[in-house]
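Coordinate inspection notes
Here are the chains, one letter per residue:
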Amino acid sequence: MDTKKLQKIVVLGTGGTIAGTAARAEDLTGYTAGQLGVQLLLSGVPGLSETLQGDELVSEQVAQLDSKDMDHATWQALALRSAHWLGQSDVRAVVITHGTDTLEETAWFLQQVLHTDKPVVLTCAMRPATALAPDGPQNLRDALAVARDPRAVGVLAVCAGQIHTAQRVQKVHPYRLEAFSSGEFGPQGWIEQGQVRWAESPTRSAEQGHAHHALGVPSANWPWVAVLHSHAGVEARQIDAWVQAGLKGLVVAGTGNGTVHQGLMSALLAAQAQGVAVRLTTRCAEGALVGPVAAFQAAALGLNAYKARVSLLLELIAPGHH
Ligand code: ASP
């Protein structure tokens, strides 16, 4: 028996197009996401032993859904299973198969609740597993290569040969294989022929695990935090309805440099006065708010509205730990 201590990589399945199936191989849109188990996905990746270099693979199905339907209970379950595995000394990393639609939100959630120095690598696919040329197997193999890289740290996303950080990653295209971008920063790195090349070495960020206390609160008790976009002809009455229905936090995706339609202002200020936490970000695809902004606190780190929502949610669950 080989006496060398084997390291484990744990692959957690959650569904998505990577596990999706269509009736016909040429059908790249009319498929059902979240059909195949993660073990089956792994068995469909050629050359895995070359990537793993003796590491042992453990897989677990945490969920089986289309990530457009992602919910807080699944996030909590996923985070708890990730924390469980990351806490084992022989586990090197966790890889998560996920749908592309909300991958950036899950990545940012995990970045804040997982207190770990080990890498967590999310991967996905734009084409179902039944496609003529599916992208899932390559993405999965690339994700495992990143998981084994000694410089990998924090929560990362791997898709189409690129590595992105949880903070910067964003889905930018509904169809093409290269669906993710880190905006003006560019990717954190690339996977080329199985080799990882970093644009800049990742560093452990201050946000890693800072909200891990939230995992101790049942997701059913997490506060209601919503996103509101400012746009031409926007109606303020939705804000009043939300506040009456129990809204606790609101991220406003403002126009341009965080400007907000004047028709929304009094309802937003009234909501804030009633205790709703309001954060402001921009609906622009790239960049962060510059300089002092309006009457509301700017979302931190130049996060997009959906990730700013995650941050505000965690802030409201675990006040004082952000
Ligand atoms: N709707 C799918 C999902 O997010 C899309 C994908 O995975 O590409 O689960």
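Residues numbered from 1 in each chain as written. Predicted model: local features only at pLDDT ≥ 70, side-chain atom pairs only at ≥ 80, totals over all residues. Heavy atoms only, no water.

Focus: the pairing of strand β11 (residues 225-229)
In terms of burial, β11 is a largely internal element, 4 of the 5 residues being buried. Bridge analysis of β11 against strand β12 (residues 249-254) gives 5 bridges, and the strand direction is parallel. The residue bridging Leu228 from the neighbouring strand is Val252, located in β12. At this point the chain moves from β11, through helix α6 (residues 237-244), to the parallel β12, and the crossover so formed is right-handed. (Buried < 20%, exposed > 50% of the residue type's maximum accessible area, 1.4 Å probe, protein only. Helix = DSSP H or I, 4+ residues; strand = E, 2+ residues; numbered from the N terminus. Pairing = 2+ DSSP bridges. Right-handed = clockwise from strand over helix to strand, strands pointing away.)

Details of the environment of Leu28
If you trace the backbone, Leu28 turns up in the loop between β1 (8-15) and α1 (38-43). Taking the C-alpha atoms as reference points, Leu28 and Arg127, 99 residues apart in sequence, are found 5.8 Å from one another. Those residues in contact with Leu28 that sit more than four places away from it in its chain are Arg127, Pro128, Ala131 and Tyr175. (Contact = heavy atoms within 4.5 Å.)

Let's talk about the site of the ligand
Around the ligand, the neighbouring residues are Gly16, Thr17, Tyr31, Asp66, Ser67, Gly99, Thr100, Asp101 and Ala125. Residue Ser67 places a side-chain N or O atom 2.5 Å away from an oxygen atom belonging to the ligand. Here Asp101 contributes a side-chain N or O atom positioned 2.7 Å from a nitrogen atom of the ligand. A total of 260 Å² of accessible area belongs to the ligand in isolation, and the protein chains cover 93% of it. Looking at the shell around the ligand residue by residue, the class counts come to 2 nonpolar, 5 polar and 2 charged. (Near = heavy atom within 4 Å. Polar contact = N/O pair within 3.5 Å; in protein donor to acceptor, adjacent residues only side chain to side chain. Areas by Shrake-Rupley, 256 points an atom, 1.4 Å probe, with all protein chains shown as cover. Nonpolar A, V, L, I, M, F, W, Y, C, P; charged D, E, K, R; others polar.)

Some words on the pairing of strand β3 (residues 91-97)
Two faces, one strand: in a regular strand the side chains alternate between the faces of the sheet. With respect to burial, β3 is a largely interior element, 6 of its 7 residues being buried. As paired strands, β1 and β3 are joined by 6 bridges and run parallel to one another. Residue pairing for β3: Leu12 is matched across the bridge by Ile96. Examined bridge by bridge, β3 and strand β4 (residues 120-123) share 4 bridges and lie parallel to one another. In the sheet register, Thr97 faces β4, and the bridge partner there is Thr123. Regarding topology, helix α4 (residues 103-113) serves as the crossover connection from β3 to the parallel β4, and that connection is right-handed.

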